[in-house]
Amino acid sequence: MKYNFQEIEPKWQKIWEEKKAFRAVNDYTKPKYYALIEFPYPSGKGLHVGHPRPYTALDIVARKRRLEGYNVLYPMGWDAFGLPTENYAMQNHIHPEIVTAQNVAHFKKQAQSLGFSFDWDREVNTTDPAYYKWTQWIFLQLFKKGLAYKSEASVNWCTSCKVVLANEEVVNGACERCGGEVVHKVKSQWMLKITEYAQRLIDDLDKVDYIDRVKTSQKNWIGRSTGAEVKFVTTLGDELLIYTTRPDTLFGATYMVISPEHPMIAQKADQIQNIEEIRVYQEAAAKKSDFERAEIAKDKTGVCIQGIRAINPVNQKEIPIYISDYVLMSYGTGAIMAVPAHDTRDYDFAKAFDLPIVEVVAGGDIEKEAFTDCATGTMVNSGFLDGLSVEEAKAAIIQWLEENNLGYPKVNFKLRDWVFSRQRYWGEPIPIVHCEQCGFVPIPESELPLRLPEIESFEPTEDGQSPLSKLESFVNTTCPHCGGPAKRETDTMPQWAGSSWYFLRYCDPDNVSALAAKEALEYWLPVDWYNGGMEHTTLHLLYSRFWHKFLYDIGVVPCEEPYAKRTSHGMILGENGEKMSKSRGNVVNPDDIVAEYGADTMRLYEMFIGDFEKSAPWSQNSLKGCKRFLDRVWNLQDSLIDGEGYSPALEAAFHRTIKKVSEDIEHLKFNTAIAAMMSLLNEIQTQDGLTRTDYRTLLMLLNPFAPHITEELYQLNGYEGLLFEQSWPVYDADKCKEDTIEVAVQVNGKIKSKLNLPADCPKEEAVAAAKADSKVQAAIQGKQIVKEIAVPNKLVNIVVK
RNA sequence: GCGAAGGUGGCGGAAUGGCAUACGCGCUAGCUUGAGGUGCUAGUGACAGCAAUGUCGUGUGGGUUCAAGUCCCAUCCUUCGCACCA
């Protein structure tokens with residue numbers, strides 16, 4: 001009988017569904033395991049071959065855990081709000097809700113054809129009002145705690161589409177859709193105070209098991225730096241506060257720079273002699289796009305403020321003040337002291353404007369470049385700091401600043417507050433009304449969900465307002481506080497909102513009175529293993545940790561961190577090694593692979609393709625190799641030997657493979673786990689036959705990887721019950737060893753011979769056996785033995801002179 | 001510029017400091033088959049050699065070690081992320 005995956009795969013998918021084989025049960029006395037993959041955005045393009053890679057990986061973990069006796073939650077859902085759907089809806093004059101339903105149906109069918117053991121009874125969809133009711137509820141809690149506020153913020157504005165763009169839609173300074181020029185525009189936006197959690201988001205990384213590169217990039221993104229704020233005084237007698245990470249170099253400050261947006265300019269306009277020149281520069285800086293600023297990052301520009309100078313508090317010297325766009329208003333105080341000798345940007349600026357460069361840390365060559373090293377170097381030209389190291393000088397100057405009330409230590413973060421508004425239709429409405437009398441007022445929780453109203457056109461307005469602003473029946477309402485006339489907020493939430501808490505909803509997806517029942521959250525949380533793409537490390541992963549910490553603070557969730565373990569997969573590239581894309585013509589459709597080779601081959605190949613954490617190019621030939629392996633496993637049933645028990649010749653090999661596969665699955669080494677099973681099969685085929693017991697073990701090991709074929713073979717060969725209800729095989733460490741082991745013999749580190757020695761042969765015997773070998777004797781003849789090294793079960797090395 | 005990951009056969013990739021190239025693909029030869037985008041067997045890092053065997057070999061240059069793909073120092077290149085964060 002031939003391996004007919006086209007019949008087998010739908011057959012078992014149906015059985016699993018009917019038997020609710022993978023349902024997570026609410027029996028809170030059992031040991032639990034919560035495995036999570038990032039729920040997809042159901043785009044119109046359908047599933048990409050990249051999607052099944054993480055899904056299969058955690059499916060393997062989930063299936064293994066079930067066989068190990070855990071109550072496993074492995075859920076799936078849809079992150080369905082978002083721009084592509086809205087754009088598609090606009091172009092085709094179809095409601096996004098309908099598009100979403102179609103896409104979800106398509107994605108679900110594709111995912112099911114791959115045999116993932118998702119608990120489909122817990123499916124969630126962020127666009128479902130019963131779901132986004134709770135997204136809005138969380139927003140209201142943030143608002144009530146002062147963590148959501150409205151503020152002016154700079155947004156990307158396409159001058160040709162007249163629409164606000166997300167950062168992702170801006171490609172090289174141009175609109176992704178029309179290619180038009182994108183400029184900054186200041187608009188009033190809802191913001192979330194993620195910065196309030198910056199320190200905890202760094203500190204608590206110590207409490208979780210994330211792969212290092214995820215922790216590192218989160219830390220870099222949050223960008224904590226320690227330094228000091230120092231009070232300078234201007235010649236007008238006003239205080240000008242700066243932030244520096246190098247207070248030790250205060251004696252080397254030869255000028256100051258403030259951001260073009262710094263408020264001092266407007267406040268002191270009357271005293272600035274060249275105010276016109278300053279204003280021209282301000283306007284030019286405002287017009288520059290991010291792209292332009294980055295392009296000309298190296299060429300420093302600026303204008304010296306005439307009429308106001310600053311006094312260096314440490315030596316009372318008067319120094320000039322410049323405005324320059326290399327100082328950002330959004331970081332620190334928007335003003336810096338410039339120490340050209342020890343900062344590369346200040347150095348470039350000083351060279352361009354011919355400003356003095358004073359060395360205060362000896363150790364470099366400031367004729368050539370700024371000396372920025374903090375680890376070496378000694379303070380010079382710095383009064384009472386002279387002779388100290390940089391670190392000592394930092395401590396000494398901060399103490400001095402504090403004693404004289406001229407400054408204090410300060411921590412800053414690169415992380416900015418989260419711009420939470422989108423002027424779009426297809427997102428969660430923000431549940432706030434604006435009342436002339438009462439200001440921003442949250443709508444009562446009893447009115448949630450605030451549903452997205454039906455509208456005619458999804459186009460934003462001419463001036464970039466949300467399409468919802470055109471619907472008067474939605475906009476005009478009454479103030480929940482005073483009862484007077486009020487207007488609803490017409491912005492919607494970003495796509496990141498719904499995905500910041502979806503893993504909580506899986507715990508109790510149908511709850512109508514809370515985002516999830518407390519007992520359910522207490523049982524299932526934290527997520528034991530969360531796998532997702534590196535591209536979500538700094539946005540989604542950080543946002544969801546922030547929300548989770550907030551929910552912890554208000555007593556909604558039982559733990560401080562949502563995810564106990566985080567891993568990340570590499571991308572699957574096209575056969576030519578480039579990223580898969582329609583324009584490159586290298587896209588592989590998973591449906592074609594399932595149809596031609598079967599889901600099991602597809603799953604096996606995606607796990608065998610290479611190191612799970614690295615990107616790897618698709619190869620149709622390697623895929624065929626995986627199909628060949630499954631064919632051989634299938635054909636093996638013809639050579640089964642009657643009777644039970646293990647075949648002695650294969651016993652060690654089986655125990656070793658159980659160990660290897662079990663351990664590799666835990667460490668993301670799916671590729672070597674499969675290689676181990678292939679090796680085992682090769683070894684089996686050197687024997688005359690295989691016992692039924694051994695075949696069963698092989699099927700069990702392969703089951704998480706290739707669930708359909710193994711379930712079929714299990715049934716076909718008369719084993720008891722259904723495979724998914726059995727137990728994961730265990731190995732005996734003592735039985736993993738062979739009786740005799742091949743040991744390499746080296747002379748002076750070069751292989752001369754190989755010997756078969758008994759396992760755990762003592763050093764003396766191994767060396768003696770090596771010396772008795774004729775090839776070794778030839779190599780050491782007439783030479784003096786200096787050293788003898790024996791590594792048990794590995795090698796012997798004889799060092800001669 | 002900063003940060004992260006990575007450079008190993010013809011290709012994808014293996015290797016707690018201990019036999020480099022496991023496993024798979026591809027290729028070569030033979031067998032099987034009416035046929036083959038089938039199956040099986042053997043071979044397959046480079047160079048020299050009829051052969052046994054020898055020499056070289058993990059981006060490059062040094063170092064530590066009995067022993068280095070692996071550890072240390074320097075350097076080059078590739079990919080990705082951030083981008084004037086004081």
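Residues numbered from 1 in each chain as written. Chains lettered and ligands numbered in written order. Predicted model: local features only at pLDDT ≥ 70, side-chain atom pairs only at ≥ 80, totals over all residues. Heavy atoms only, no water.

**Re the side chain of His708**
Alright, step 1. Here His708 lies in helix α23 (residues 707-716).
Alright, step 2. By relative accessible area, His708 is classed as buried at 0%.
Alright, step 3. Excluding its chain neighbours within four sequence positions, the residues that come into contact with His708 are Ile8, Glu9, Trp12, Gln13, Trp16, Leu114, Gly115, Ala599 and Asp600. (Helix = DSSP H or I, 4+ residues; strand = E, 2+ residues; numbered from the N terminus. Buried < 20%, exposed > 50% of the residue type's maximum accessible area, 1.4 Å probe, protein only. Contact = heavy atoms within 4.5 Å.)

**Thoughts on the sheet that holds strand β21 (residues 432-435)**
Alright, step 1. Read from one edge of the open sheet, four strands run β22-β21-β24-β23, paired in antiparallel fashion. The sheet is open, and its two edges are formed by β22 (439-442) and β23 (476-478), each paired on a single side. Direction aside, neighbouring strands of the sheet carry axes that sit 45° apart on average.
Alright, step 2. When β23 meets strand β24 (residues 485-488), the two strands line up antiparallel, connected through three bridges. Opposite Thr477, over in β24, you have Ala486 as the bridge partner. (Pairing = 2+ DSSP bridges. Axes fitted to C-alpha atoms, helices over the stretch in contact; angles between N-to-C directions.)

**Concerning empty space enclosed by the protein**
Alright, step 1. Counted according to the given criterion, the structure contains one cavity of 30 Å³ or more.
Alright, step 2. Considering only enclosed or pocket space, the largest cavity measures out at about 60 Å³ in volume.
Alright, step 3. Taken together, Val743, Leu757, Pro758, Cys761, Ala766, Ala790, Val791, Pro792, Asn793, Leu795 and Val796 make up the lining of the largest cavity.
Alright, step 4. Counting residues per element, the ones that place at least two in the lining of the largest cavity are β32 (750-758), β33 (785-791) and β34 (795-800). (1 Å grid on protein atoms, 1.4 Å probe; cavity = no way out; pocket = protein on both sides within 12 Å on 5 of 7 lines; lining within 4 Å. Points joined across faces, edges and corners; volume = space filled by probe spheres on them.)

**So, unusual backbone geometry**
Alright, step 1. With an omega of -5°, the peptide bond running from Leu448 to Pro449 counts as cis.
Alright, step 2. Along the chain, the position of Pro449 falls in the loop between β22 and α13 (472-475).
Alright, step 3. With an omega dihedral of -5°, the bond running from Leu525 to Pro526 counts as a cis peptide bond.
Alright, step 4. With respect to the element layout, Pro526 can be found in the loop between α15 (518-524) and β25 (529-531).
Alright, step 5. The phi dihedral of Lys20 is positive, around 50°, even though this residue is not glycine.
Alright, step 6. Within the fold, Lys20 resides in the loop between α1 (5-18) and β1 (32-37).
Alright, step 7. Relative accessible area serves as the criterion here: at 36%, Lys20 is assigned to the partly exposed category.
Alright, step 8. Even without being glycine, His93 reaches a positive phi, approximately 50°.
Alright, step 9. Tracing the backbone shows His93 in the loop between α3 (83-92) and α4 (96-113).

**Thoughts on the protein's contact with RNA strand B**
Alright, step 1. Neighbouring residues of RNA strand B: 51 residues in total, closest Thr245, Tyr326, Arg345, Lys414 and Lys754.
Alright, step 2. Backbone atoms, meaning sugar and phosphate, make up 62% of the atoms of RNA strand B lying within 4 Å of the protein.
Alright, step 3. Measuring from a base nitrogen of RNA strand B, one finds a backbone N or O atom of Leu328 at 2.8 Å.
Alright, step 4. Separating a phosphate oxygen of RNA strand B from a side-chain N or O atom of Asn671 is a distance of 3.1 Å.
Alright, step 5. Residue assignment for the surface near RNA strand B shows that the elements contributing at least two residues are α7 (212-222), β12 (239-244), α19 (620-635), α21 (670-684), β31 (740-747), β32, β33 and β34.
Alright, step 6. The dominant element in the surface near RNA strand B, judged by the number of residues it contributes, is α21, at six residues.
Alright, step 7. Tallied by class, the residues present in the surface near RNA strand B amount to 19 nonpolar, 14 polar and 18 charged. (Near = heavy atom within 4 Å. Polar contact = N/O pair within 3.5 Å; in protein donor to acceptor, adjacent residues only side chain to side chain. Nonpolar A, V, L, I, M, F, W, Y, C, P; charged D, E, K, R; others polar.)

**Quick look at the environment of Trp418**
Alright, step 1. With respect to the secondary-structure elements, Trp418 resides in strand β20 (residues 418-419).
Alright, step 2. Overall, the relative accessible area of 3% leaves Trp418 in the buried class.
Alright, step 3. The spacing of Trp418 and Ala517 is 99 residues in sequence and 28 Å in space, taken between C-alpha atoms.
Alright, step 4. Every residue in contact with Trp418, bar those within four places of it in the chain, is listed here: Trp190, Met191, Leu192, Ile194, Pro494, Trp496, Ser500, Tyr543, Phe546 and Trp547.

**Let's talk about the sheet that holds β25**
Alright, step 1. Spatial ordering of the open sheet is given by β2-β1-β25-β26-β10, a layout of five strands whose pairing is parallel. Looking at strand neighbours, the two that pair on one side only are β2 (71-73) and β10 (209-210), the edges of this open sheet.

**Concerning helix α9 (residues 275-287)**
Alright, step 1. Here α9 spans 18 Å end to end across 13 residues, near enough to the 18 Å set by a 1.5 Å rise per residue.
Alright, step 2. Along α9, the positions that sit buried rather than exposed are Ile275, Ile278, Tyr281 and Ala285. With its buried residues spanning 120° around the axis, α9 presents them on a single face. Opposite the buried face of α9, at more than 90 degrees from it, the exposed residues are Glu276, Val280, Glu283 and Lys287. (Expected span 1.5 Å × (residues − 1). Arc of directions from axis to C-beta.)

**Description of the layout of surface pockets**
Alright, step 1. In this model, the second largest pocket occupies a volume close to 320 Å³.
Alright, step 2. Lining the second largest pocket are 18 residues, and of these Ala21, Phe22, Arg23, Arg66 and Tyr70 lie nearest its centre.
Alright, step 3. Every element with two or more residues in the lining of the second largest pocket is listed here: α2 (52-67) and β2.
Alright, step 4. Broken down by element, the residue count for the lining of the second largest pocket peaks at three residues, all from α2.
Alright, step 5. A per-class count over the lining of the second largest pocket returns eight nonpolar, three polar and seven charged.

**Digging into the pattern of salt bridges**
If the charged atoms of two oppositely charged side chains come close together, the side chains can form a pair.
Alright, step 1. The tally for this structure, following the rule as stated, stands at 37 salt bridges.
Alright, step 2. In this structure, Glu651 and Lys735 form a salt bridge, with 3.8 Å as the shortest nitrogen-oxygen distance. With Glu651 in helix α20 (residues 651-666) and Lys735 in the loop between α23 and β31, this pair connects stretches of sequence that are 84 residues apart.
Alright, step 3. In this structure Lys735 comes out as partly exposed when scored by relative accessible area, which is 37%.
Alright, step 4. One network of salt bridges, with partners in common, ties together Asp204, Lys207, Arg545, Lys549, Glu560 and Glu561. (Salt bridge = Lys/Arg side-chain N within 4 Å of Asp/Glu carboxyl O.)

**Concerning the pairing of strand β11 (residues 224-234)**
Sheet faces and side chains relate simply in a regular strand, where the side chains alternate between the two faces.
Alright, step 1. Counting buried positions over the 11 residues of β11 gives eight, a clear majority of the element.
Alright, step 2. In this structure, β11 lies alongside strand β19 (residues 407-413), joined through seven bridges in antiparallel fashion. If you follow Val230 over to β19, its bridge partner there is Gly407.
Alright, step 3. Across six bridges, the pairing between β11 and β12 is antiparallel. In the strand pairing of β12, Val230 is matched with Ile242.
Alright, step 4. Between β11 and β12, which follow one another and run antiparallel, lie four residues, and Gly237 among them has a positive phi close to 90°.

**Comments concerning the confidence of the model for chain A**
Alright, step 1. Model confidence for chain A is summarised by a mean pLDDT of 91, while 97% of its residues fall at 70 or above.
Alright, step 2. Reported confidence for the predicted complex is 0.94 by ipTM and 0.93 by pTM. (pLDDT = per-residue confidence, 0-100.)

**Side note on the packing of α2 against α20**
Alright, step 1. Contact geometry for α2 and α20: axes closest at 10 Å, N-to-C directions at 125°. With respect to their mutual orientation, α2 and α20 come out oblique. In this structure, the crossing between α2 and α20 has a hand that is left-handed. Between α2, through Ile60, Val61, Lys64 and Arg65, and α20, the contact on the second element is made entirely by Ser662, Ile665 and Glu666.
Alright, step 2. Residues that form the contact of α2 with α20 fall into these classes: three nonpolar, one polar and three charged. (Parallel < 35°, antiparallel > 145°, perpendicular 65-115°, else oblique. Left-handed = near helix turned anticlockwise from the far one by under 90°.)

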